[in-house]
Every structure is written in structure tokens, then in C-alpha cells.
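Remarks on the overall topology
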Amino acid sequence: MVDNARRALTSVPVVKTGSPDAYEAASRPTMNFVTVKSVGQQDMHAVHRVGDLLTRQRTALINQARCHSGDVAEAFKRGVSQVLNLRW
């Protein structure tokens, strides 16, 4: 129990039941602990999430443009490079 209490000061327990009580969670022998992420790690994670979001939005926009061009005329080929090479 002393070892779990010491780890509770430097890490965050993964609470299985939704209870936010860290001391009660640290007393459980089967509790898993996760180290606290640094500010730099959190920032890098946020940068990657923004990049993923931009990629999903770009893909959705290209798919919508392909769909609408297919309704009006012939649909252009798949891929970002095909969209960038279009002449309007």
C-alpha cells in the first residue's frame, strides 16, 4: 500500500468506476497507474489532433466536390493531386 501511495503522488490512477477519488483508487491492489503527461507532450498531442482534423476535413471537401462534379459533368479522379491539377 505504501508503494501505491507513493505512485499516486507522481502518477494518475486509471479510475475504472468513474469515481474521481485518487486516494481510494490508490488503495486498490489491482489499480493501474498512468504517468502524468508533460505540457510539451500535451501540446504535441494537440498538434497531431489538429492535423488529423484538417486531413479529415480536406478529404470530406474533396469527396463533396467529386460528388457534385459527377452530378453536373464527369467526375474527376480520386486523390488530392488530381484536385490540385484541375483547371476551372
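Residues numbered from 1 in each chain as written. Predicted model: local features only at pLDDT ≥ 70, side-chain atom pairs only at ≥ 80, totals over all residues. Heavy atoms only, no water.

Moving on, we get to the overall build of the protein. Scanning the protein for helices and strands turns up 4 helices and 2 strands. Overall, the protein shows an N-to-C arrangement of helices and strands of α-β-α-β-α-α. Within the span of the protein, comprising 88 residues, buried residues form 11% of the whole. For the protein, the exposed area adds up to about 7,400 Å²; of that, 59% sits on carbon and sulfur atoms. (Helix = DSSP H or I, 4+ residues; strand = E, 2+ residues; numbered from the N terminus. Buried < 20%, exposed > 50% of the residue type's maximum accessible area, 1.4 Å probe, protein only. Areas by Shrake-Rupley, 256 points an atom, 1.4 Å probe, with all protein chains shown as cover.)

With that out of the way, let us pick up the confidence of the model for the protein. Taken over all residues, the pLDDT of the protein has a mean of 76, while the share at 70 or more is 67%. Here helix H1 (residues 2-10) stands out as the element of the protein with the lowest mean pLDDT, 54, in contrast to helix H3 (residues 39-72), whose mean of 90 is the highest. (pLDDT = per-residue confidence, 0-100.)

The next subject is the environment of Gln82. Looking at where Gln82 falls in the secondary structure, it is placed in helix H4 (residues 80-84). Sequence separation between Gln82 and Ile62 is 20 residues, and the spatial gap between their C-alpha atoms is 9.9 Å.

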